[in-house]
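Each chain, written out:
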Amino acid sequence: MSVLEAIGRTHLVELTAIGRDLPVPILAKCEHLNPGGSIKDRIARAIVEDAEARSALSPGATLIEATAGNTGLGLALVAAVRGYRLVCTMPAKMSADKRIALEALGARVVITPNAPPSHPDNFRNVARRMAEEHGYFLTDQFNNPANPRVHELTTGPEILAVVRPSAFVAGVGTGGTLTGVARAIPSARIVLADPIGSQLADFIETGALGGDGPYLVEGIGGSEIPSVFDTKLVHAVERISDEESFATARRLWREEGLFVGGSAGTNVAAAIRVARTMRRSDGPVVTVLPDGWDRYRAQPWARTTNGLDPSRAPQAFVRFAPHGLEGDEGVAALR
Ligand SMILES: Cc1ncc(COP(=O)(O)O)c(C=O)c1O
């Protein structure tokens, strides 16, 4: 048995503190407990196995992926076990922790500017170009049908084996999770949790992409519809601010003992809103916790007690600084 067998079959936990006064329980699938630390382990394994089955991968081949970080880490795991090399293109806005981890685990990381999809320097365009130029295998999570398929065949059925949800709530990066789970659980109301600033929610509601704005939550939202995202499956949207996402992530840490990343906060914030609209006789609201807190150690939102204000970070750290160091010195000593 290899470590790849440990991917999936994650626990579905009830958010007992956060859900205390809601008419129905909120259940969250602990995807941060996958061996590579995120929900993307599932698609990394599925994409590589699908390519192997089609004889599209020769031994020792180089994989290339445009990634917010998590798919790269999942692919690093699969590449290590199966003997492939890995190159990742990653937008500069993504956390340094993910880049450092990818490099440590053996991937070559190409940082690209935070450019829109139409720009040649956008991380997805750079990956596509490098695949063509160097003969790398483009794992292509945004277009690869193996991505939603693995969620339809594993994530969704794993939920159904435990409960019959009234609603399933998730953010969309590629749309693989939302699309696959929605196909597996056609009876559930499917709700998109979208960061304010993303254009996906506007597209669902109006059929046109809305105004693009900046936001800090990583891995979800966007300014174009990925081809694996079947938008027709979405019944409703909830727009969530960075503040609400990060405040909810902190509640998950401190009230539930779930040490998750920012997009888990977005998902749970939206799930709370959805649960409020349910009747007591309805089934639970289910969502996913895509990755863990430790991916975001370097991000101000994950280091401060008050969320988004980085100026508070030294205050928060200095109380624990060693050797009586104060202010910036104390912070530096702790780095
Ligand atoms: C942290 C995080 N959360 C959520 C998602 C969204 O998952 P999906 O690509 O299946 O829509 C991603 C995807 O990149 C992610 O990195």
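Remember, predicted model here, so these are calculated numbers, not experimental data.

(A) Structural context of the packing of helix α5 (residues 146-160) against helix α6 (residues 176-184). It is at 7 Å that the axes of α5 and α6 come closest, and there the two elements cross at 55°. In terms of orientation, α5 and α6 fall into the oblique class. Like other packed secondary-structure pairs, α5 and α6 cross with a definite hand, here right-handed. Judged by residue contacts, N147, P148, R149, V150, H151, E152, T155, G156, P157, I159 and L160 of α5 engage G176, T177, T179, G180, V181, R183 and A184 from α6. Residue composition of the contact of α5 with α6, by class: 7 nonpolar, 8 polar and 3 charged.

(B) Layout of the site of the ligand. Taken together, 17 residues surround the ligand, and among them G173, T174, T177, G219 and P290 come closest. Of the residues forming the shell around the ligand, the biggest block, 3 residues, is contributed by α6. Within the shell around the ligand, the residues separate by chemical class into 5 nonpolar, 10 polar and 2 charged.

(C) Structural context of the sheet that holds strand β6 (residues 137-138). Taken in spatial order, the 4 strands make up an open sheet running β5-β4-β3-β6, and their pairing is parallel. Strand pairing shows two members of the sheet lacking a second neighbour, β5 (108-112) and β6, which therefore form its edges. Bridge count for strand β3 (residues 62-66) against β6 is 2 bridges, and the pairing is parallel. Counted as the bridge partner of L63 is F137 from β6. Docked against the sheet, helix α3 (residues 96-104) engages β4 (85-91) and β5, running at close to 150° with respect to β5. Across the face of the sheet, helix α4 (residues 123-134) comes into contact with β3, β4, β5 and β6 while running at roughly 160° to β3.

(D) A look at the pairing of strand β8 (residues 189-195). Of all 7 residues that make up β8, 7 are buried, and the element is covered over most of its length. Since strand β7 (residues 167-170) and β8 lie parallel, the crossover through α6 that links them has a hand, and here it is right-handed. Pairing of β8 with strand β9 (residues 236-240) involves 5 bridges; the strand directions are parallel. Paired with D194 across the bridge in β9 is R239. Crossover handedness for the path β8 to helix α7 (residues 200-206) to β9: right-handed.

(E) Representation of the environment of M90 within the structure. Topologically, M90 is positioned in strand β4. Separated by 23 residues in the primary sequence, M90 and T67 place their C-alpha atoms 5.4 Å from one another. Discounting residues that sit within four places of it in the chain, M90 has contacts with T67, G69, G72, R99, V109, I111, T112 and F123.

So, how was this worked out
- Residues numbered from 1 in each chain as written.
- Predicted model: local features only at pLDDT ≥ 70, side-chain atom pairs only at ≥ 80, totals over all residues.
- Axes fitted to C-alpha atoms, helices over the stretch in contact; angles between N-to-C directions.
- Helix = DSSP H or I, 4+ residues; strand = E, 2+ residues; numbered from the N terminus.
- Parallel < 35°, antiparallel > 145°, perpendicular 65-115°, else oblique.
- Left-handed = near helix turned anticlockwise from the far one by under 90°.
- Contact = placed C-beta atoms within 7 Å.
- Nonpolar A, V, L, I, M, F, W, Y, C, P; charged D, E, K, R; others polar.
- Near = placed C-beta within 6 Å.
- Pairing = 2+ DSSP bridges.
- Buried ≥ 20, exposed ≤ 12 C-beta atoms within 10 Å, placed from the backbone.
- Right-handed = clockwise from strand over helix to strand, strands pointing away.

Spatial relationships are all this shows, so hold off on functional conclusions.
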